[in-house]
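Below are the chains, spelled out letter by letter.
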Amino acid sequence: MAKFGLSMFPTDYAIQPVELAREAESRGFESLFFPEHTHIPASRKTPWPGGADLPKEYWHTHDPFVALGAAAAVTKTLKLGTGVCLVIERDTLVLAKEVASLDMISGGRVLFGIGAGWNVEEMANHGSAFKSRWKIVREKMLAMRQIWTNEAAEFHGQFVNFDPIWSYPKPVQKGGPPVLLGSQSKHSFERIAEYCDGWMPIAFGRFDFKAGIAAMNEACERADRDSKSMSLTMFGVGPKQEDARRWIGLGFERLIFGLPSAPRDTVLPLMDQYAQVARALS
């Protein structure tokens with residue numbers, strides 16, 4: 001049976017995370033995802049992949065872990081997702097503790113969606129080079145796995161390097177929360193097979209998702225990982241029931257409906273509409 005969730009940029013001018021989470025859980029949604037941008041460089045040199053004008057929610061959004069922590073405190077079953085966390089912009093040791101802390105506080109409800117990002121200047125402000133972004137993400141993820149699973153964790157790589165450390169809490173979920181890669185380049189599938197637990201692409205109609213799933217399965221086979229253990233989440237789904245049915249037919253087990261960063265009077269009616277679609281397909 002398919003699971004249904006929601007995503008929204010949680011901004012200072014929109015419905016706030018506590019109310020949003022309560023309303024999502026009361027309508028039976030499985031999960032709530034928040035994206036992140038620590039900031040947006042005012043230069044705007046890097047073009048937004050989504051079009052000409054970058055929506056203002058990109059530089060008005062709350063920190064996702066603060067927002068998800070607030071959501072955790074007022075819900076019981078709602079899964080708490082990053083969609084996506086820009087791993088490239090975060091300190092490895094701090095991020096490992098943030099994710100583990102949220103997982104413990106929520107009782108093991110974290111879904112850790114990750115990505116490398118697209119804004120060159122934003123990364124540079126964090127001291128990371130765009131050309132090395134995926135190598136850095138890889139090392140950070142492998143290092144965090146060590147921290148989440150070992151009493152005395154250590155990691156030695158080109159970008160992440162530390163001798164044995166103690167870091168608690170450990171995540172409630174064994175091995176750490178499921179890691180969902182929010183990327184759909186041709187290299188995504190090798191990355192999923194090496195250090196992730198699932199694929200979370202955006203619902204772009206022009207992308208061949210059937211071929212993508214096949215490529216992921218082949219990559220898992222080469223890496224000696226069970227492709228059946230990989231979860232499939234479709235991000236940014238719209239309100240059309242036929243589209244949702246098509247994603248489910250392709251094998252996506254979780255659909256994430258997109259909400260605008262807006263006040264409650266705009267968001268809640270759309271949430272009701274999505275809930276109707278979810279009920280019809282459940």
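The present account deals with the structure reproduced in this document. Residue indices follow the written sequence of each chain, beginning from 1 at its first position. pLDDT decides what is reported in this predicted model: residues at 70 or higher carry local features, side-chain atom pairs at 80 or more are listed and counted, and totals for whole chains, interfaces and linings draw on all residues regardless. To get the side-chain values, all heavy atoms of the structure are used, and hydrogens and water are removed first.

Working definition: with a 1.4 Å probe on protein chains only, accessible area under 20% of the residue-type maximum means buried, over 50% means exposed, and in between means partly exposed. Think of it this way: any DSSP run of H or I at least four residues long counts as a helix, any run of E at least two long counts as a strand, and we number them from the N terminus. By the burial criterion, the buried members of helix α1 (residues 17–26) are Pro17, Leu20, Ala21, Glu23 and Ala24. Relative to the axis of α1, the buried residues are bounded by an arc of 165° and lie together on one face. Lining the buried residues of α1 we find β1 (3–7), β2 (31–34), α2 (64–73) and α9 (264–281). Downstream of α1 by a residue or two, glycine 28 has a phi angle that is positive, lying close to 85°. As used here, the arc is the angular range of directions from the helix axis to the C-beta atoms. By definition, residues are in contact when any of their heavy atoms lie within 4.5 Å.

Here is the rule: rings of Phe, Tyr and Trp (six-membered ring for Trp) pair when centre to centre is within 6.5 Å. Planes less than 30 degrees apart are stacked, more than 60 are edge-to-face, and the remainder are tilted. This structure, assessed with the given rule, holds 15 aromatic pairs. Pairing tryptophan 199 with phenylalanine 209 gives two aromatic rings, centres 6.2 Å apart and planes at 45°, and the pair type is tilted. Remark: phenylalanine 209 occurs in helix α7 (residues 209–222) and tryptophan 199 occurs in strand β8 (residues 198–199); sequence separation between them is 10 residues. Neither residue differs from the other here; tryptophan 199 and phenylalanine 209 are each classed as buried. Judged by centre distance (4.4 Å) and plane angle (10°), the ring pair of phenylalanine 257 and tyrosine 274 falls under stacked. In this pair, phenylalanine 257 is assigned in strand β10 (residues 254–258) and tyrosine 274 in helix α9, connecting sequence segments 17 residues apart. Pair check on accessibility: phenylalanine 257 and tyrosine 274 agree, each one buried. Ring pairs connect the aromatic residues Phe189, Trp199, Phe207, Phe209, Trp247 and Phe252, which therefore count as one cluster.

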